[in-house]
Amino acid sequence: MMLRTDVLFRVVFRSSLLIVLTLAVSCHRDAMARKGDEAPLSSYIRPLIGTHGEGNVYPGPSAPFGMVQLSPDTDKVLWATASGYEYSDPTILGFSLTHLSGTGIPDLGDFLFIPQVGKPELVSGDKEHPEQGYQSPFSHDDEYASAGYYRVKLQKSGVTTELTASERAGILRFTFPASDEASIMTDLAHVLSGGRWKIAQSHVRIEDNATVTGFHIVNGWAKERHLYYAARYSRPFDEALIYSNGKPVIYDSHANYRFRSRREAAGTDLRFLAKYKTQASEVIQVKVAVSSVSAANALQNLDTEIPGWGFEKVVSDTCKKWDKELARIRIEGTQQEKETFYTALYHAFLTPNMQQDVNGQYRGFDHNIHTTDGFDKYTIFSLWDTYRATHPLFALIQAQRNSDMINSMLAHYDQSVDHLLPVWELQSNETWCMIGYHAVPVIADAYLKGNKGFDPQRAYNAIKTTAMNPDYDAVADFARLGWVPFDKENEAVSKTLEYAYDDYTIAQMAKALGKMDDYNYFMNRAGFYKNIYDRETGFMRGRDSQGSWRTPFDPQGFVQGGDFTEGTSWQYSWYVPHDVPGLIQLMGGKEAFLSRLDQLFVLSSPENGDKEVDDIFGRIGEYWHGNEPSHHIIYLYCYAGQPWKAQQLLHTVVKTQYGNKPHSLTGNDDCGQMSAWYMFTCMGFYPVAPASDYYVIGAPQMKHIAMRLSSGKTFTMTAENLSDQNIYIQSVRLNGRDWNSPFLPYNELKNGGTLHFVMGPQPNRQWGISGLDSI
């Protein structure tokens, strides 16, 4: 068989023997026989994209929506390194079993495994002093990441570490040099804490001479997070030790017993150490799995998913799973475009994470043990981010998973004392992070897009009850006054606007279910955005409970805990996605609206004016692409008769803020939202108002994209003459008909079809100006 470039061999010669040190398959070994020798889609995944800077993604392997994310950690105390890995860091601490993808707050990083040679170190050390502790310098020249696989050589020990993962389990493969003092340590006190989170309790147990189980309870972003793990070692321990607070836990120094330490221990600062004498290039593997329920379930997950020691088989099987998922969208493009696009799709399909064990059990929001009934249980819902584009993408191409995710939200609701849908759920905990009740648009959009895997009446009762909860973030004041008063609630302007949109989506589902009284009630609340528009300044502005405006007022000003959520009035004044025509009228008509919108993209920020704002990345004037409140704004040009301005700006953002390099994400990927924005934009349309019956046509960024809908039908976009110069739409044909509207009705997409663009170097100012009153 001819060797291919996607098979990486690392070989060394020792004692005149050729020793294969690393055989890492990018994906797949068996793909060579495919028809036409076509590269598997998973071969375009570049997990290092977004690991340098603000992207906050991790490079290690995970199966699609998997429970386990084996990955290296380079930092555990820096708040900005929320995924545990920063490309520019000089050292690796070790390899932990769970990670968040693209969040702005750290957590997880459970159960760190550290291979060492020489006297074992028990603490990590400071990366400013790489010679200290168990951390190790490394070089990106010795690092490789692909779908289902990660490899790195640790310079301090000379150990090469390889990682692979299935849904609930994984394998760490360590290749040691010859040593009388080799070891593999598990740090149960390790967690990605940003220097704030604490281990409330942990426990480790030596089950036999090659098996260890344990758990810890973390008081972190998730206030009480339980996680268990199980580990099986391919070679029995020469010696096994448990350390508590840096000291060995002695069993009986005089006993005739092969383990010098006790077989189990509890505490808040535990380490487990497996010691070995190794020969040159000796491989020791550790199979691992996790569970939110019990160590027994973790063992069952492990033995069910990885019964043997076939590392390459796990890599291959996981790559095939990624091939299947990525095939939902097929593109034609350059190598760079394919790497960028398929890594974006990969990032979107990492989260939410499967939560139930192989026996169907999971730890619920009430911290009791539940068993799923007819659905897969998922966790980690970054809903303030993902309701915008990630879940709308799932509604089109992942309908069954999206329904299971909604059933998971409904289980959370049922287990909640307050009967609230999740806001930002993390492993059976509510973090209360961000604002709004954005599980609501996810559910409404899924129902209206035909996702059938959940009970719509049950779901509707949950979204209505959530939106009427009088104890949640001034919802009662919002309903009574028509706005959230800033003297009663922080981030009051942002909450008013986001509640109004969420209520619009409730109204749409109510109408579809024939609940017209509810439709009228929630449509009235959806119009409350008008109550905080200040005609004198032309901006959304805070009002107190007496109706008085916030004074003084600076539309570019930001105060932590003030009237806006991670933004200013310059971003939030455009947040009326459900009624853009009403916003245009409120701002004085199209001319005034467009003038203000033009100003947004050229405005200079005041010196130190936004120094407290998080996520100010990807700036074009006061448009901040690195954070979600801006994501729909460019598309607003299409509502006001100047879609060519959107076409130019979309091209700029795609070309300057996305790519195939580690630094090619200009903001937190936020569980796939940044990536989902990119993919929709490449296809030429975007869900400005999820739960509406249309998308907004922007401008295609690739020549050919075929999206396989969950129904099995295909919607294909083609862009004739597209290039870096030809970025403007000249004409559009939708399902064989000339199309002059900037809006793409869902009914034209749901049964499959075609969307054909003809592109050119200059704007066609006559295209996209009809049908503006059709929404």
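You'll find the structure just up there.
Note that the structure is a prediction, hence the values are computed from the model and not measured. (Residues numbered from 1 in each chain as written. Predicted model: local features only at pLDDT ≥ 70, side-chain atom pairs only at ≥ 80, totals over all residues. Heavy atoms only, no water.)

J.: Give a detailed account of the overall build of the protein, specifying residues and quantitative values.
T.: Looking only at helices and strands, the protein features 17 helices and 39 strands. At 27 Å, the protein has a C-alpha radius of gyration in line with the 28 Å of a compact globule built from 775 residues. Sorting the 775 residues of the protein into buried and exposed places 65% on the buried side. Long-range pairs, those at least 24 residues apart, make up 69% of the contacts in the protein with a sequence separation of at least 6. Approximately 27000 Å² of the protein is accessible, and the part contributed by carbon and sulfur atoms is 48%. Mean positive and mean negative side-chain charge positions of the protein (71 and 88 charges, respectively) differ by 4 Å. (Helix = DSSP H or I, 4+ residues; strand = E, 2+ residues; numbered from the N terminus. Rg over C-alpha atoms; globule rule 2.2 N^0.38 Å. Buried < 20%, exposed > 50% of the residue type's maximum accessible area, 1.4 Å probe, protein only. Contact = heavy atoms within 4.5 Å. Areas by Shrake-Rupley, 256 points an atom, 1.4 Å probe, with all protein chains shown as cover. Lys, Arg positive; Asp, Glu negative; His and termini not counted. Charge placed at Lys NZ, Arg CZ, Asp CG, Glu CD.)

J.: Break down the environment of Tyr387 for me, citing the residues and quoting the values.
T.: Structurally, the position occupied by Tyr387 is in the loop between α4 (383-386) and α5 (390-397). Tyr387 sits in the buried class, given a relative accessible area of 3%. Residues Tyr387 and Met67, spaced 320 residues apart in sequence, show a C-alpha to C-alpha distance of 21 Å. Here Tyr575 takes part through its side chain, which lies 2.5 Å from a polar atom of the side chain of Tyr387. (Polar contact = N/O pair within 3.5 Å; in protein donor to acceptor, adjacent residues only side chain to side chain.)

J.: Go over the packing of helix α10 (residues 492-512) against helix α11 (residues 516-526), please, and point to the residues and values.
T.: Two elements in contact, α10 and α11, have axes whose closest approach is 8 Å; the angle formed by their N-to-C orientations is 160 degrees. The angle between the axes of α10 and α11 places the two elements in the roughly antiparallel class. Viewed along their axes, α10 and α11 form a crossing whose handedness is left-handed. Between α10, through Ala500, Asp503, Tyr504, Ile506, Ala507, Gln508, Ala510 and Lys511, and α11, the contact on the second element is made entirely by Met516, Asp518, Tyr519, Phe522, Met523, Arg525 and Ala526. Its residues placed into classes, the contact of α10 with α11 shows 10 nonpolar, one polar and four charged. (Axes fitted to C-alpha atoms, helices over the stretch in contact; angles between N-to-C directions. Parallel < 35°, antiparallel > 145°, perpendicular 65-115°, else oblique. Left-handed = near helix turned anticlockwise from the far one by under 90°. Nonpolar A, V, L, I, M, F, W, Y, C, P; charged D, E, K, R; others polar.)

J.: Break down the sheet that holds strand β35 (residues 714-720) for me, citing the residues and quoting the values.
T.: The mixed open sheet is built from six strands, whose spatial order is β21-β34-β35-β39-β36-β37. Of all the strands in the sheet, the pair left with one neighbour each is β21 (329-332) and β37 (737-738). Sheet topology places β35 next to strand β39 (residues 753-760); six bridges connect them, and they run parallel. Bridge assignment links Phe715 to a residue of β39, and that residue is Gly753. The strands touched by helix α16 (residues 673-683) are β34 (704-708), β35 and β39; relative to β34, the strand with the most contacts, the crossing angle is about 115 degrees. (Pairing = 2+ DSSP bridges.)

J.: Describe the sheet that holds strand β20 (residues 282-291), naming the residues involved and giving the relevant values.
T.: Strand order across the open sheet formed by nine strands is β8-β9-β10-β11-β20-β15-β14-β13-β18, with antiparallel pairing between neighbours. Each of the sheet's edge strands pairs with one partner strand only, and the pair in question is β8 (143-146) and β18 (264-267). Averaged over all neighbouring strand pairs, the angle between strand axes comes to 15 degrees, with direction disregarded. Bridging between strand β9 (residues 149-153) and strand β10 (residues 160-165) involves four bridges; their strand directions are antiparallel.

J.: Can you tell me about unusual backbone geometry, naming the residues and giving the values?
T.: Look at the link from Thr351 to Pro352: it is a cis peptide, with omega at 0 degrees. Tracing the sequence through the fold places Pro352 in the loop between α3 (335-348) and β22 (353-354). The omega torsion across Thr551 and Pro552 is -5 degrees, close enough to zero to call that bond cis. Its place among the elements puts Pro552 in the loop between β29 (539-540) and α12 (569-572). The phi dihedral of Phe65 is positive, around 55 degrees, even though this residue is not glycine.

J.: Any chance you could break down the pairing of β10 for me, citing the residues and the numbers?
T.: The buried count for β10 comes to six of six residues, which makes it a mostly enclosed element. Of the two faces of β10, the one carrying Thr160, Glu162 and Thr164 and the one carrying Thr161, Leu163 and Ala165 are both buried. Here β10 hands over to strand β11 (residues 169-176) after three residues, the two strands then running antiparallel side by side.

J.: Got a sec to walk through the layout of surface pockets? Specific residues and values, please.
T.: Looking at the second largest pocket, its volume works out to about 580 Å³. Tyr504, Gln508, Ser692, Asp693 and Tyr694 are the residues nearest the centre of the second largest pocket, which is lined by 29 residues in total. Of all the secondary structure elements, the ones that give two or more residues to the lining of the second largest pocket are α10, α11, α13 (580-586), β38 (743-745) and α17 (746-749). For the lining of the second largest pocket, the element with the most residues is α10, which contributes four residues. Residue classes in the lining of the second largest pocket are distributed as 17 nonpolar, seven polar and five charged. (1 Å grid on protein atoms, 1.4 Å probe; cavity = no way out; pocket = protein on both sides within 12 Å on 5 of 7 lines; lining within 4 Å. Points joined across faces, edges and corners; volume = space filled by probe spheres on them.)

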